[in-house]
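Observations on the three-dimensional arrangement
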Amino acid sequence: MSKKIMILNGSPREKGNTAALIKSFTEGAESSGNIVTEFFIDKMNIHGCKGCFGGGKNPDSPCVQKDDMDKIYPTYKEADIVVLATPLYYWTISGQLKCVFDRLFAVAECNPDYKNPIKESVLLMAAEGNGFEETLYWYDNLEKHLGWKNIGKVLCGGVFAIGDIKDKQELKQAYELGKSIH
């Protein structure tokens, strides 16, 4: 049975190393019959969360701010799997990805107990170095708090310039992870 997979691409580079991981993962996932929808956040008009606790009144457009998050919300609600794809910026996820993830709280506000939709998740990361510890701490705790289940992580260090990822084993790992989803 195919799954609906939503990829939140937090990289500002359309053809960078994170994009290469996403491409490999997507090829694998689609080869197993899954439906993949990617959002390239950097080209979207998305504002930061206001922390207003005013969302949740309209399930179709849960946030009080009206911007391109309204393109993401329907896919998020229907997705079985959410892929967080990002370069490592200052030892954590990119600001673009963090901004979107903060805004997903409006979906939880649609429930009286602020319960988030239960999802499976994947983390794809590319980095100049190899300092993934802070991101892994954040990601693992995020999953725990949301009640989500991690189904895989692909972390590729040592890829600074665009294209450095070309011959890295992590591209195959991303493909195989996507392919393993049924």
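Our subject is the structure that appears above.
Let me begin by describing the structure that accompanies this report. (Residues numbered from 1 in each chain as written. Predicted model: local features only at pLDDT ≥ 70, side-chain atom pairs only at ≥ 80, totals over all residues. Heavy atoms only, no water.)

**Quick word on the environment of Ser121**
Note on placement: Ser121 falls in strand E4 (residues 120-126). The class of Ser121 is buried, set by a relative accessible area of 0%. For Ser121 and Gly152, which are 31 residues apart along the polypeptide, the C-alpha to C-alpha distance reads 7.4 Å. At 2.6 Å, the side chain of Ser121 and the side chain of Glu143 are in polar contact. (Helix = DSSP H or I, 4+ residues; strand = E, 2+ residues; numbered from the N terminus. Buried < 20%, exposed > 50% of the residue type's maximum accessible area, 1.4 Å probe, protein only. Polar contact = N/O pair within 3.5 Å; in protein donor to acceptor, adjacent residues only side chain to side chain.)

**A look at the layout of surface pockets**
In this structure, the largest pocket spans a volume of roughly 330 Å³. Residue lining of the largest pocket: 17 residues in total, with Leu88, Tyr89, Ala126, Ala127 and Glu128 positioned closest to the centre. Split into classes, the residues belonging to the lining of the largest pocket amount to 9 nonpolar, 6 polar and 2 charged. Computed from the structure, the second largest pocket encloses a volume of approximately 210 Å³. Around the second largest pocket, the lining residues are Tyr76, Lys98, Phe101, Asp102, Leu104, Phe105, Tyr114, Asn116, Trp138, Leu142 and Leu146. Contributions of two or more residues to the lining of the second largest pocket are made by helix H3 (95-103) and helix H5 (133-146). Residues belonging to the lining of the second largest pocket are distributed by class as follows: 8 nonpolar, 1 polar and 2 charged. (1 Å grid on protein atoms, 1.4 Å probe; cavity = no way out; pocket = protein on both sides within 12 Å on 5 of 7 lines; lining within 4 Å. Points joined across faces, edges and corners; volume = space filled by probe spheres on them. Nonpolar A, V, L, I, M, F, W, Y, C, P; charged D, E, K, R; others polar.)

**With respect to the pattern of salt bridges**
Tallying each qualifying case throughout the model produces 7 salt bridges. Two residues, Glu120 and Lys3, come together in a salt bridge whose shortest N-O distance is 3.1 Å. Of this pair, Glu120 sits in strand E4 while Lys3 sits in the segment before strand E1 (4-9), placing them 117 residues apart in sequence. Judged by relative accessible area, which is 22%, Lys3 ranks as partly exposed. In this structure, Lys98 engages Asp102 in a salt bridge whose closest nitrogen and oxygen atoms are separated by 2.5 Å. Residue Lys98 and its partner Asp102 are both found in helix H3; the two are separated by 4 residues, about one turn of the helix. (Salt bridge = Lys/Arg side-chain N within 4 Å of Asp/Glu carboxyl O.)

**As for H5**
End to end, H5 covers 20 Å across 14 residues, agreeing with the expected 20 Å (1.5 Å per residue, within 8%). Within H5, burial applies to Thr135, Tyr139, Asn141, Leu142, Glu143 and Leu146. Buried residues belonging to H5 abut strand E3 (81-87), H3, E4 and strand E5 (149-156). Phi turns positive one or two residues past the end of H5, at Gly147, with a value near 80 degrees. (Expected span 1.5 Å × (residues − 1). Contact = heavy atoms within 4.5 Å.)

**What to know about the pairing of strand E2 (residues 35-40)**
Sheet analysis places E1 next to E2, joined by 6 bridges and oriented parallel. Across the sheet, Asn9 pairs through a bridge with Phe40, a residue of E2. Following the chain from E1 across helix H1 (residues 17-31) to the adjacent parallel E2, one finds a crossover that is right-handed. (Pairing = 2+ DSSP bridges. Right-handed = clockwise from strand over helix to strand, strands pointing away.)

**Brief notes about the packing of H1 against helix H6 (residues 169-179)**
At a minimum axis distance of 6 Å, the contact between H1 and H6 shows a crossing angle of 30 degrees. In the crossing of H1 with H6, the sense of the turn from one axis to the other is right-handed. Seen from H1, the contacting residues are Ala20, Leu21, Ser24, Phe25, Glu27, Gly28, Ala29 and Ser31; seen from H6, they are Glu170, Leu171, Ala174, Tyr175, Leu177, Gly178 and Lys179. Within the contact of H1 with H6, the residues separate by chemical class into 8 nonpolar, 4 polar and 3 charged. (Axes fitted to C-alpha atoms, helices over the stretch in contact; angles between N-to-C directions. Left-handed = near helix turned anticlockwise from the far one by under 90°.)

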